[in-house]
Amino acid sequence: MRVRAADGVELSGIVVPALPGAAAAGRPVTFVLAHGFTNSVSREPFRRLAGWLRAFGEVRALDSRGHGRSGGGTTVGGDPELGDVDAAVRAARADGADAVVTLGLSMGGGVALRQAALGTHRPDAVVSVSAVSRWYVRETPPMRRVHWLLETTAGRRVAAGLLGLRLGVPWETVPPAPVEVVARIAPTPLLLVHGDRDEYFPLEHFRALVQAAGPAATAWVVPGMGHAENGMTGPLAERIGRWACAAVAGPDTAGRPAPVTPPSSATIVG
């Protein structure tokens with residue numbers, strides 16, 4: 001698919017149709033996926049995730065600006081990327097999507113949180129996996145490598161030549177970090193997922209987001225899980241799919257959220 005963001009940037013992506021019978025148990029779900037930094041819809045881990053989720057509904061995914069076949073330059077999770085997800089949600093609704101669930105990973109996880117809190121076209125539920133809570137994280141070796149790519153001449157050459165990234169102009173004004181806006185997502189259902197072996201963002205980021213989001217959010221720490229797309233498994237994707245379907249099904253007769261079976265391999269934190 002092709003989508004034009006509000007600032008005119010052309011974005012390229014894919015639509016993966018739902019498997020037959022995916023909506024038989026309730027309201028049809030459309031997932032809008034947002035990938036992590038240096039990733040794209042053509043990468044195998046991302047396509048595996050899309051394949052797992054199509055058991056629960058249609059899956060739409062765009063290359064974030066500066067990545068893959070999309071235009072523009074990446075600002076690594078800033079307001080332009082928020083606009084990319086906004087455009088994807090808008091396009092899904094224009095194509096007749098009933099219930100839109102955004103699902104972001106790593107950079108995309110932070111973007112999904114910020115879009116659900118600040119965007120023009122809000123989702124019906126949001127899932128954030130392996131998200132950062134604040135900006136300029138340098139405490140881990142992988143994030144120091146990321147900042148080398150972004151902040152040095154040699155790094156920017158590597159980003160362009162070896163990784164195919166087009167880097168945008170650095171932020172003139174620092175946008176609100178995910179932890180600063182996550183509380184605004186309520187009452188939209190929110191699921192926060194983080195692995196206890198995440199080598200990019202330690203659990204302190206997850207805990208900060210859970211605390212800021214408040215008791216309305218659902219939070220899972222997944223034992224043994226690494227980071228973002230590469231850390232996803234089929235069983236975890238299935239549990240996320242079941243959560244999403246239940247989240248958009250609406251309240252039960254007592255006015256409580258529809259029940260969600262807790263994943264056996266995750267610790268429910270909130």
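Structure first, text after, so check above.
In what follows, the accompanying structure is described.

Here is what the cut-offs are and how they apply
Residues numbered from 1 in each chain as written. Predicted model: local features only at pLDDT ≥ 70, side-chain atom pairs only at ≥ 80, totals over all residues. Heavy atoms only, no water. Salt bridge = Lys/Arg side-chain N within 4 Å of Asp/Glu carboxyl O. Helix = DSSP H or I, 4+ residues; strand = E, 2+ residues; numbered from the N terminus. Phe/Tyr/Trp six-rings, centres within 6.5 Å; stacked < 30°, edge-to-face > 60°. Buried < 20%, exposed > 50% of the residue type's maximum accessible area, 1.4 Å probe, protein only. Core = buried A, V, L, I, M, F, W, Y, C linked by side-chain atoms within 4.5 Å. Contact = heavy atoms within 4.5 Å. Arc of directions from axis to C-beta. Axes fitted to C-alpha atoms, helices over the stretch in contact; angles between N-to-C directions. Parallel < 35°, antiparallel > 145°, perpendicular 65-115°, else oblique. Left-handed = near helix turned anticlockwise from the far one by under 90°. Nonpolar A, V, L, I, M, F, W, Y, C, P; charged D, E, K, R; others polar.

## What about the pattern of salt bridges?
Then step 1. Tallied over the full model, the rule gives 11 salt bridges.
Then step 2. Two residues, Arg65 and Asp7, come together in a salt bridge whose shortest N-O distance is 2.8 Å. Of this pair, Arg65 sits in the loop between β4 (57-62) and α2 (79-94) while Asp7 sits in the loop between β1 (2-4) and β2 (10-16), placing them 58 residues apart in sequence.
Then step 3. The partner of Arg60 in a salt bridge is Asp95, with the nearest N and O atoms 2.6 Å apart. One end of the pair, Arg60, is in strand β4; the other, Asp95, is in the loop between α2 and β5 (99-105), with 35 residues separating them in the sequence.

## Digging into the packing of aromatic side chains
Then step 1. Scanning the entire structure with this criterion turns up 3 aromatic pairs.
Then step 2. Ring geometry for Tyr200 versus Phe201: centroids 6.5 Å apart, planes at 65°, classification edge-to-face.
Then step 3. For Phe201, a relative accessible area of 5% corresponds to the buried category.
Then step 4. Aromatic rings pair up to connect Trp135, Tyr136 and Trp171 into one cluster.

## Brief notes about the nonpolar core
Then step 1. Residues Val193 and Ile240 are the most contacted members of the largest nonpolar core, which totals 34 residues.
Then step 2. In terms of residues, this core owes the most to one element, helix α9 (residues 234-248), which gives 7 residues.
Then step 3. Apart from the residues within four sequence positions on either side, Ile240 is in contact with Leu103, Val127, Val129, Leu191, Val193, Trp220 and Met232.

## Section: helix α7 (residues 203-213)
Then step 1. Taken together, the buried positions of α7 are Leu203, His205, Phe206, Leu209, Val210 and Ala213. Down the axis of α7, the buried side of the element spans an arc of 155°, and every buried residue falls inside it. Exposed residues on α7 whose side chains face more than 90 degrees from its buried face are Arg207 and Gln211.
Then step 2. Along its buried surface, α7 packs onto α3 (107-118), α6 (178-181), β7 (190-195) and β8 (218-222).
Then step 3. Positive phi shows up at Gly214, right after α7, with a value of about 90°.

## Remarks on the packing of helix α1 (residues 44-53) against α9
Then step 1. Taken N-terminus to C-terminus, the directions of α1 and α9 make an angle of 50°; their axes are 9 Å apart at the nearest point. Judged by the angle between their axes, α1 and α9 are oblique. Note on packing geometry: the crossing formed by α1 with α9 is right-handed. Listed contacts from α9 to Leu49, Trp52 and Leu53 of α1 are Gly234, Ala237 and Gly241.
Then step 2. Its residues assigned to classes, the contact of α1 with α9 comprises 4 nonpolar, 2 polar and no charged.

So, to be careful, I would describe these as geometric facts and stop short of saying anything about function.
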